[in-house]
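# Commentary on secondary and tertiary structure
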Amino acid sequence: MLTPASALSRTTLPGADRTAARRVAVASALGTTVEYYDFTLYATTAALVFDHVFFPSVNDAVGTLAAFSTFFVGYLARPLGGVIFGHFGDRLGRKTVLVTTLLLMGLGTFCIGLLPSYDTIGIAAPILLVLIRLIQGLGMGGEYGGGVLMALEYAPRERQGLYTSLVHIGTPAGVLLPVGLVSVLSATMSESSFDAWGWRIPFLASIVLVGLGLYLRFTLSESPEFQRLRADREVRKIPLRGLADGHLGSVGCSIIAKIAESGLFNVYYVVALAYATDELGVDKQPVLIAILIACALECLALPLFGALSDRVGRRLVYVGGALFQALLIVPFFLLVQTRDPVLITLAMTLGLAIGHGAMYGAQGALFANLYPVALRYTGLSVSQQVGATLGGGLSPLLGTALITAFGGSPTGVCLYAVGVVLLSGVCTLALRRGDHRPLRWRPGGAPTAAE
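Within an unreviewed UniProt entry, the label attached to the protein chain reads MFS transporter, and the organism entered is Streptomyces javensis. Annotation of the protein chain in UniProt includes, under Subcellular location (unreviewed entry), the sentence "Cell membrane".

## Description of the overall build of the protein chain
From N to C terminus, the protein chain includes 19 helices and two strands. Expressed as a percentage of its 451 residues, the buried residues of the protein chain come to 61%. Within the protein chain, contacts between residues separated by at least 24 positions form 85% of all contacts whose residues are at least 6 apart in sequence. Carbon together with sulfur atoms contributes 69% to the accessible area of the protein chain, which is approximately 16300 Å² in total.

## Quick word on the pattern of salt bridges
Tallying each qualifying case throughout the model produces seven salt bridges. Note that glutamate 153 is salt-bridged to arginine 376, the shortest N-O span being 3.0 Å. Separated by 223 residues along the polypeptide, glutamate 153 in helix α6 (residues 124-154) and arginine 376 in helix α17 (residues 376-393) bring together distant segments of the chain. For the pair shown, glutamate 153 and arginine 376 are each scored as buried.

## Remarks on empty space enclosed by the protein
Applying the stated criterion across every chain yields a total of three cavities of 30 Å³ or more. As a volume, the largest cavity reaches approximately 120 Å³. Taken together, the elements giving at least two residues each to the lining of the largest cavity come down to α1 (18-48), α3 (60-91), α13 (248-279) and α16 (341-368). No other element matches the six residues that α13 contributes to the lining of the largest cavity. Looking at the lining of the largest cavity residue by residue, the class counts come to eight nonpolar, six polar and two charged.

Calculation rules
Residues numbered from 1 in each chain as written. Predicted model: local features only at pLDDT ≥ 70, side-chain atom pairs only at ≥ 80, totals over all residues. Heavy atoms only, no water. UniProt positions renumbered as here; feature names shortened; annotations may be inferred. Helix = DSSP H or I, 4+ residues; strand = E, 2+ residues; numbered from the N terminus. Buried < 20%, exposed > 50% of the residue type's maximum accessible area, 1.4 Å probe, protein only. Contact = heavy atoms within 4.5 Å. Areas by Shrake-Rupley, 256 points an atom, 1.4 Å probe, with all protein chains shown as cover. Salt bridge = Lys/Arg side-chain N within 4 Å of Asp/Glu carboxyl O. 1 Å grid on protein atoms, 1.4 Å probe; cavity = no way out; pocket = protein on both sides within 12 Å on 5 of 7 lines; lining within 4 Å. Points joined across faces, edges and corners; volume = space filled by probe spheres on them. Nonpolar A, V, L, I, M, F, W, Y, C, P; charged D, E, K, R; others polar.

Written out as structure tokens, the structure is:
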């Protein structure tokens, strides 16, 4: 019989102490950093240079769409990667799978840095780029679920929101590092040099993060909850079948709930970057600096929202972040349209650190607790990766197409944002199983679950 997540108390986890939980959270956060470093670096260079490096035979608008199409290819592979690595994560354990996914993503990024341009090898260049993106997408599909579950299954139950939000710091950190590198390089190099070879440096530098991530992961022990599951012989032979038998509602609602979080993250970052530089003629440097500041602040905000979700409930924090973004999206683009670096930074900070930070800070514990331990890797990976594909994968394509269709205006993007936020918010309210009883705080004492 499967052990429900709610029945696993802190005291049943052998060897799971707070020091180990923090160490696992740091290691998992580094893996998430590599994951988003890979995808964010691609998104940044796709918006800035890939249109003429790999797709030079088309005009600028079509070239940007083509570059974002290869960005979407990586997302298309994520659900398949979630199913494959989720299966093995539930069958063999979280740690083994995480080493494999880190290698797939990191080595893929390194290879893009070595990939010849269209002018050098012709049509083979974009074809190879697509193949590498597919491999990266498979790895990314399995990476997220394992990283979150290692943190969640080591953490005390009353702190799962906090510890999983620490893993999520890897997302803005994974934006901060490549955008920082691109900003420095574009500021210190001529445009022709950056377009010719300078953009390759951040891709090649990713190998350092991969090496550090592998070292940390080899030092970790397997998740205590999975060890218990294996000892009790409760491992499922085909986890996906178990997921289909009784958890389709949770999968469906969590997929839709994910769309707004993932989609708007790329609207603030990828679409707004392309809009500001292409449509408004803003120099890319101040926009990149604005993104850097916003991501740095989100690194600080995520654990605050994670801790808040432990206090007041995960759905409440998640839906609050969604509604905030529905109200923000029009002012966001109005601020960007001023072309003022300070106001652009304010827009990015409100969108990423507050709106996205609230949703993402509560998300890990909310979604992971929808499933019993034996199905958790598969369930979390499928819901996360399908939702991310429909949200973050499509939003750069949709955003660019909508801006073009509306004659250079972001009106269509705003309508898209409000629509997905409201839909995701409604579905989040249905995720009662993944929430928890809010904590009651006793003066001078430890927090306990409210009666």
